[in-house]
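Notes for the structure review
So the chains spell out like this:
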Amino acid sequence: MIREYRTIEEVAGPLMLVKQVDGVKYDELGEIELPTGEVRRCRVLEVNGRDVLVQLFESSAGLNIAESKVRFSGHGVELPVSQNMLGRVFNGMGEPIDGGAKLIPEKKLDINGTPINPAARYYPSEFIQTGVSTIDGLNTLVRGQKLPIFSGSGLPHANLAAQIARQAKVRGTDSKFAVVFAAIGITFEEADFFISDFKKTGAIDRTVLFINLASDAAIERISTPRMALTAAEYLAFECDMHVLVILTDITNYAEALREVSAARKEVPGRRGYPGYLYTDLATMYERAGRKMGSEGSITMIPILTMPEDDKTHPIPDLTGYITEGQIILSREMYRKGYMPPVDVLPSLSRLKDKGIGEGKTREDHAGTMNQLFSSYARGREAKELMVVLGEAALTPVDRLYAKFADAFEAEYINQGFYENRSIEETLDLGWRLLSILPKSEMKRIKPEIIEKYWVKKGE
Amino acid sequence: MEEVTGKILKVSGPLVVAEGMRNANMFDVVRVGEKRLIGEIIEMHGDRASIQVYEETAGIGRGDVVVSTGEPLSVELGPGLITNIYDGIQRPLEKIREKVGSNLTRGIDEAALDRDKVWHFEAEANTGDIVEPGDILGYVWETEVIKHKVMVAPKKGGTLVSLASGDYKVTDIIGKIKLESGRIENVTLMQKWPVRVSRPYKEKLPPLEPMITGQRSIDALFPIAKGGTACVPGPFGSGKTVVQHQLAKWSDVDIVVYIGCGERGNEMTDVLREFPELTDPRTGKSLMERTVLIANTSDMPVAAREASIYTGITIAEYYRDMGYAVAVIADSTSRWAEALREMSGRLEEMPGEEGYPAYLTSRLAGFYERAGKVICLGSDGREGALSAIGAVSPQGGDISEPVTQATLRIVKVFWGLDSSLAYRRHFPAINWLNSYSLYRDRLSDWCAENIANDWMTLTGKCLKTLQLESDLDEIVKLVGVDALSADDRMTLEVARSIREDFLQQYAFDDIDGYTPLDKQYALLRLIFSYEDKARKAISEGADVQTIADLPVREAIGRAKAIPYENYKAEFEKIEAELASEIEKAVSEAQREL
């Protein structure tokens, strides 16, 4: 029997204290019935004797301590799932908001999921062609990877994410593909950009959307990404689909988490974020991957805006420690008009080495990738020196490096949001740019590969 | 033992408070709730015990039962550890996967060592022998390369009443020992040991022998000793994990215990899938046959992360006791410290720096002090060594944070990874200007005897040249390279050669990934032979730019990629080429004059 309690003692911010409660479990889902009959949801954060501390998922406005009733459901927060979720739009708590029919669930899943046994994971190694040179050529994405985009306010991360969602494919396969998109506290306009892009390309039929807008309750954001990931897990591991999950914006999520932590008066870590921010983010990010007993995969692209473009801010910093690399956007490239404005040098894909090479992309991939990176880095240094001392101060080779860096930015990085380059086109472009430099500088590439692919001047 | 049963009062994340626990001991393992989750008592207040639970506590509530097992958190030690992958409290993950599928559910009870597997035990001691703790009774071939020595457990010495070779399971009785007290103790292949207590040894020795890693920047510039301690701090993306993996792969130790503490699941999978296919250069067998994995990934419960470090080092100590050289590699100790911080916060302790508990330093020191070179227990006086290497993940790459600073006060080797090197794809991104090794002096005798007399001179010269380069770079940034003297220009060229042709090492290349010491030495010789000849040529009038642009330098650059089998002959060719090109440059310069 479900008991109702009228013993709410305190409401402060997103927290509520209920007294004289029996039989309530940690992390249980509760419902608060307001005197108006409205029902709001909450979750148990702490059981202390007969006192129960709960966290509200919605705002506390209109909540009346004397008249409101609390019921506990006996289970955690769950999401009803079904294959029919594809093409539908849900709010941050997993309720349909597109005016369509109510979902008939095949099952209900706990939104916290369970950790994947590391002994049951497959190492991600299938190359995903995104059609973006700076990703495919230099920071290769593979199936089952979590590769965030570190952006800043005003940078076009949405365009890049949409481009990846539009163009991404695994070559030579014809498997079921789906996109799960979670809008976490972003503006209507940004959410609308994604939705209309999905509509334009027809991808909307293969997409599940979870929308928590900036105007929705901040506290709801804590569950939005978990709702999305639960749906993604269902599609990937039970329906054998290859799911691309886009979470935007993680910064808003972390701020909601900080709000709850501050309300609980916990000892804060850096910049007021709770000490468990790393663990909390990890329990989301680590849900990406491939595992035994299932054909499907979850590839994750979380997007976060770095406050003040600061990579050492706790949110990008902790994210970088969990995810398998990062694509960093650069304000400098953006100002130069180079799109997508990827900051190549600090960007990284940790899983690239197993996803490239003969049989996956091409035999020259690893060597040219390292050569492009180090040549571009040296070119940038040469250019910096040139600013201080003038071109004459450079050695002839360094002058070539500076020229290379300019060409690399203008052609390799700058491709626009609607050009879809195949991996061969990307690799060939790399060789063409490298031919600006003397052949003897190609120290990162094996001699036999150079012989085979070296582009002679004028060709 | 009397069973202590209590009832839960409070649940807050991984912390549970139970009452009715007066008779339980500190650090006893308890089982919590219907699901029998595993926890450990970490505080007692009268009747109330604070328990850290090693599994997710959702669904636990007031009034649930807590039962004490009366034993501290322990690991099972015996044949079957190697090649296995365990979670933070030594539950076998492969077994669990077979049992419950690919996700981890809660309250799983699975013995660490396979109870059904039969091992062949070959007795070496005889009935009637007086045996002391640590004495070897016999052995089991645990893998093709590891001879697992079955030892008399600490404090269990006496007279051997019986012992017989044969096929046994780990829990079968293989013999009996009559203790001094007169009690007869059964001997099995398996022992148990509490993880928070270090295993005893006879005597600690100073470490005098290097742990050879095949990584040039480590072996040559910042070596670690067998039995030494090291830390690898670095911001994300600077290659900490790759360095750790390389050490686990190529270190010349007998056993590697790799602890994935709060890190990525895929990294553990990588080790698990890749190691069986790699060949150990020393034994010719698979690398997995000497590896134990402890995996507590970042999505697994946070309290077990705290325990995983101790589980790993206890297993390592057990193999050290057999007389082996063991390396413990922990990635990352920062996650372990964060787990401490989280529990400390929930216990409402007064926080120290950045919210970390005040006992952070002493706990870290306690962990690293368990490393060392020792004379093991046992009458044969065998020596074992345990090296501990911990990654540190400083927030924002700022090494002034408490975990890095506390670690630096303890460890002897510091491999500081640098993101600016990583951006330039200089890997391993070990910054030569701020890294250090306090073992260089201690190891110099060994190196002079086993590598070459001038090994320390050459490697010292590397460090000096790199330091000079950084000084000269300041000048170049101000006034340009033309303002430098010919000698200084040469220093820059040699430094570049050291960086690019020696220190840079591509971990994923079959040949470059591992360089034996003699080849490292030959490479250094090659670089300094260029320097000597070049400086001489310049003093005889040759042009610096010509000398810097000699075609042979490309060959020197590629020398590291020459397969080990024929490197000597190839290096001689390069030397000859070098000599003739220098000679040509000098004679041309003199002709022009």
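My aim in this report is to walk through the structure given alongside it, one point at a time. Quick caveat, the model's predicted, so the values are computed rather than measured.

Calculation notes
- Residues numbered from 1 in each chain as written.
- Chains lettered and ligands numbered in written order.
- Predicted model: local features only at pLDDT ≥ 70, side-chain atom pairs only at ≥ 80, totals over all residues.
- Heavy atoms only, no water.
- Helix = DSSP H or I, 4+ residues; strand = E, 2+ residues; numbered from the N terminus.
- Rg over C-alpha atoms; globule rule 2.2 N^0.38 Å.
- Areas by Shrake-Rupley, 256 points an atom, 1.4 Å probe, with all protein chains shown as cover.
- Pairing = 2+ DSSP bridges.
- Axes fitted to C-alpha atoms, helices over the stretch in contact; angles between N-to-C directions.
- Contact = heavy atoms within 4.5 Å.
- Buried area = accessible area lost by both parts, 1.4 Å probe.
- Salt bridge = Lys/Arg side-chain N within 4 Å of Asp/Glu carboxyl O.
- Buried < 20%, exposed > 50% of the residue type's maximum accessible area, 1.4 Å probe, protein only.
- Patch = residues over 30% accessible without salt bridge, like charges linked within 9 Å, V, L, I, M, F, W, Y side chains within 5 Å.
- Parallel < 35°, antiparallel > 145°, perpendicular 65-115°, else oblique.
- Left-handed = near helix turned anticlockwise from the far one by under 90°.
- Phe/Tyr/Trp six-rings, centres within 6.5 Å; stacked < 30°, edge-to-face > 60°.
- Lys NZ or Arg CZ within 6 Å of the ring centre and 35° of its normal.

**Some points on the overall build of chain B**
Broken down by element type, chain B carries 16 helices and 26 strands. Its C-alpha atoms give chain B a radius of gyration of 28 Å, near enough to 25 Å, the size a compact globule of 593 residues would have. For chain B, the C-alpha atoms occupy an extent of roughly 100 × 55 × 40 Å along the three principal directions. In the form shown here, chain B has an accessible surface area of approximately 22,000 Å², with 49% of it arising from carbon and sulfur atoms.

**Overview of the sheet that holds strand β14 (residues 166-168) of chain B**
Strand pairing in a sheet relies on backbone hydrogen bonds. The paired strands run either parallel or antiparallel. All names here are of chain B. Strands sit in the order β12-β11-β9-β14 across an open sheet of 4 strands; the sheet is antiparallel. What marks the edges here is a single partner per strand, and that holds for β12 (147-151) and β14. Strand-to-strand twist of the sheet, defined as the mean angle between neighbouring strand axes without regard to direction, takes the value 35°. Where strand β11 (residues 136-141) and β12 come together, 5 bridges link them in antiparallel fashion. In the strand pairing of β12, Trp 141 is matched with Lys 147.

**Examining the interface of chain A and chain B**
How big an interface is tends to be stated in terms of accessible area lost as the parts join. Taken together, the 79 residues of chain A in the interface contact 76 residues of chain B. When chain A packs against chain B, the two sides together hide about 6,400 Å² of surface, and 50% of this comes from carbon and sulfur. Summed over the three residues of chain A that lose the most area to chain B, namely Tyr 26, Pro 118 and Tyr 321 of chain A, the buried surface amounts to 12% of that side. The tally of links between chain A and chain B comes to 8 salt bridges.

**Topic: the pattern of salt bridges**
When the charged atoms of two side chains with opposite charge come close together, those side chains can pair. On inspection of all chains with the given rule, the structure shows 90 salt bridges over all chains. Glu 266 of chain A serves as the salt-bridge partner of Arg 264 of chain A, at 3.6 Å between the closest nitrogen and oxygen. A salt bridge links Asp 254 of chain B to Arg 282 of chain B; the nearest nitrogen and oxygen atoms lie 3.7 Å apart. With Asp 254 of chain B in the loop between α3 (240-250) and β20 (255-261) and Arg 282 of chain B in the loop between α4 (265-274) and β21 (291-296), this pair connects stretches of sequence that are 28 residues apart. Arg 282 of chain B sits in the partly exposed class, given a relative accessible area of 44%. Three or more residues are tied together by salt bridges with common partners; here these are Glu 4, Glu 31, Glu 33, Lys 69 and Arg 71 of chain A.

**So, a nonpolar patch on the surface**
Among the surface-exposed residues, Ile 475, Leu 478 and Val 479 of chain B lie close enough to one another that they form a single nonpolar patch of about 290 Å² accessible area. Relative accessible area serves as the criterion here: at 39%, Ile 475 of chain B is assigned to the partly exposed category.

**Side note on unusual backbone geometry**
Cis peptide bonds are those with omega within 30 degrees of zero, and the linkage from Thr 248 of chain A to Asp 249 of chain A qualifies with 15°. Topologically, Asp 249 of chain A is positioned in the loop between β17 (242-248) and α5 (250-263). Omega for the bond connecting Asp 331 of chain B with Ser 332 of chain B falls within 30 degrees of zero, at 10°, which places this linkage in the cis form. Structurally, Ser 332 of chain B is set in the loop between β22 (325-331) and α6 (333-346).

**Looking at the sheet that holds strand β9 (residues 89-91) of chain A**
All names here are of chain A. Read across the sheet, 8 strands follow the order β9-β16-β15-β17-β19-β14-β20-β21 without closing on themselves; strand pairing throughout is mixed. Single-partner strands in this sheet number two, and they are β9 and β21 (348-349). Where strand β14 (residues 149-151) lies against strand β19 (residues 297-305), 3 bridges are found, and the strand directions are parallel. By the bridge assignment, Ile 149 is partnered in β19 with Ile 303. Where helix α4 (residues 224-238) meets the sheet, it contacts β15 (177-186), β16 (207-213), β17 and β19, and its direction lies at approximately 175° from that of β15.

**Quick word on the side chain of Asp 398 of chain A**
In this fold, Asp 398 of chain A is placed in helix α11 (residues 396-413). Setting aside chain neighbours within four positions, we find Asp 398 of chain A in contact with Arg 378 and Ala 382 of chain A.

**Looking at the packing of helix α5 (residues 302-321) of chain B against α6 of chain B**
All names here are of chain B. Packing of α5 against α6 brings their axes to within 8 Å, and their N-to-C directions diverge by 130°. For the element pair α5 / α6, the angle class is oblique. Where α5 crosses over α6, the handedness of that crossing is left-handed. Residues Val 302, Arg 305, Glu 306, Ile 309 and Tyr 310 of α5 touch α6, and the partners they reach there are Thr 333, Arg 335, Trp 336, Ala 339, Leu 340 and Glu 342.

**Some details on the packing of aromatic side chains**
This model, assessed by the stated rule, comprises 23 aromatic pairs over all chains. Seen from their ring centres, Tyr 506 of chain B and Phe 508 of chain B are 5.9 Å apart, and the 70° between their planes marks the pair as edge-to-face. Taking relative accessible area as the criterion, Tyr 506 of chain B reaches 29% and is therefore assigned partly exposed. Members of the aromatic cluster, joined through ring pairs, are Phe 181, Phe 193, Phe 194 and Phe 198 of chain A. Directly above the aromatic system of Phe 237 of chain A lies the positively charged group of Lys 291 of chain A, at a separation of 4.5 Å from the ring centroid. Its guanidinium or amino end placed over the ring of Tyr 321 of chain A, Arg 335 of chain B lies 4.8 Å from that ring's centre, counting from NZ or CZ.

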